[in-house]
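Analysis of the macromolecular model
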Amino acid sequence: MTAPLIMVGAGHAHLVALRGWAEQGYRAPPGSVLISPEPFAWYSGMMPGLLAGRWRAEQCRIELAPLCRATGMTLSSGQLVRLEADARLLTLASGEQLRTELLSLNSGAANPAPAQNDGSLTVIGAKPFGDLQQHWMHWRRSGSPARLAILGGGAAAVELALALQQSLSTCQILVLCANRLLGGHPPRAARLIRSLFHRRNIELHEGVTVTAIRNGCLQSASTPPLAAEAVILATGAAPAVWQADSNLATDPAGFIQIADTLQSQSHPRIFASGDCAALADCPRSGVYAVRQGPVLGANLRATLDKQSSLQHYQPQPRALALLATADDQALACYGPLALRSRAALMLKDRLDTRFMRSLQRD
Ligand SMILES: Cc1cc2nc3c(=O)[nH]c(=O)nc-3n(C[C@H](O)[C@H](O)[C@H](O)COP(=O)(O)OP(=O)(O)OC[C@H]3O[C@@H](n4cnc5c(N)ncnc54)[C@H](O)[C@@H]3O)c2cc1C
């Protein structure tokens, strides 16, 4: 049997598209499916707050069943492991195969990892969040590692380092970044965070590319081996393995190349959005994935209704970034400006909780 629509992954864009359908009273054709490994979607904006002990898990995730009920989607537990784009044939980790008329992919990205790893350290991705949260709960219950290294120098690495330093008080946190800290943000943001790291006793190593994990140490060409017990990868985005063999057009890095209608450039009946996709001038972040949601919802609906005119997504030139610093403040960055204040945290909390409320249904 061929499904009219399959949506893979409960990423930000799918959640917002489904929220739009629920608000419009639109129901997907019977047999339409949302595939997700978990019955809920974690909201990344609140994960650092969860790991700092500010939020409970239930406050940071969206139950998918009510959203599916409201939009006529069937929620199916599973994980895509292979896609044959020409036939729109999906294979799940369970071995189940599904065929669909229309496909939408919003499955995020993987964490790039050091090329060599002898298995001597516990390595955890910043995503999936469920795994990271399980490790964190275990550390809180049974004792944390003495030295925990975070690889990456972007907003996620900074927020995770500060959150974990706050909640795992006996753990020495190290941050290792290949380039300059917070390279995509104003220089003042990096200065503020360097000084905060110093005050909070977080070890920072800039310009260190970890190429191997060997004998319980992180190896790089620029420093002597650094010992740690566990490693968190907050190293940015890498494409999922199945994307390479799908026959979808991809950019040189392997992300699915899409048009501004969010359709695959090679397969117009396949849409892709958020971190798994590549679109000119569109950074990979939750803010941009959220903004793609309404266009995606409208275009999937138009395609299901056999209408030819589709909406065009235009990435905003800049976005406000709000980084939680696991104290009573947040760091706000906009264009060349960076400011750490209580008001920034209040704004972040208000935006995050409003977003969560808008997605929660009975
Ligand atoms: C700690 C941290 C904090 C962050 N904070 C912010 C922030 O404050 N603001 C911001 O803009 N960005 C933030 N980001 C970045 C942000 O999380 C991502 O850019 C954003 O989540 C991408 O959204 P997405 O829609 O592509 O999918 P995601 O939100 O990544 O969701 C993908 C979904 O697909 C599912 N999935 C994955 N693989 C499969 C598969 N094979 N089959 C089926 N389902 C699958 C996953 O379970 C997940 O539910 C943060 C990232 C991290 C790591």
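All values reported here derive from a predicted model rather than from experimental measurement.

Quick notes on the site of the ligand
- Every one of the 29 residues lining the ligand counts as a neighbour, but His12, Ser44, Lys127, Asp275 and Val287 are closest to it.
- The separation between an oxygen atom of the ligand and a polar side-chain atom of Ser44 is 2.8 Å.
- The backbone of Leu80 places a nitrogen or oxygen atom 2.9 Å from a nitrogen atom of the ligand.
- Within the complex, the protein chains bury 83% of what would otherwise be the 990 Å² of accessible surface of the ligand.

Remarks on the domain arrangement of the chain
- Under the domain assignment, the chain is made up of domain 1 (2-110 + 238-319) and domain 2 (116-236).
- Computed over C-alpha atoms, the centres of domain 1 and domain 2 are 29 Å apart.
- The interface of domain 1 with domain 2 comprises twelve residues on the first partner and 13 residues on the second.
- Here domain 1 meets domain 2 over a buried area of about 1100 Å², counting both sides, of which 71% is carbon and sulfur.
- Where domain 1 touches domain 2, the interface holds zero salt bridges.
- Grouping the constituent residues of the side of domain 1 that touches domain 2 by class yields nine nonpolar, one polar and two charged.

Reading the values: rules and limits
Residues numbered from 1 in each chain as written. Predicted model: local features only at pLDDT ≥ 70, side-chain atom pairs only at ≥ 80, totals over all residues. Heavy atoms only, no water. Near = heavy atom within 4 Å. Polar contact = N/O pair within 3.5 Å; in protein donor to acceptor, adjacent residues only side chain to side chain. Areas by Shrake-Rupley, 256 points an atom, 1.4 Å probe, with all protein chains shown as cover. Domains from an automatic or database assignment. Contact = heavy atoms within 4.5 Å. Buried area = accessible area lost by both parts, 1.4 Å probe. Salt bridge = Lys/Arg side-chain N within 4 Å of Asp/Glu carboxyl O. Nonpolar A, V, L, I, M, F, W, Y, C, P; charged D, E, K, R; others polar.

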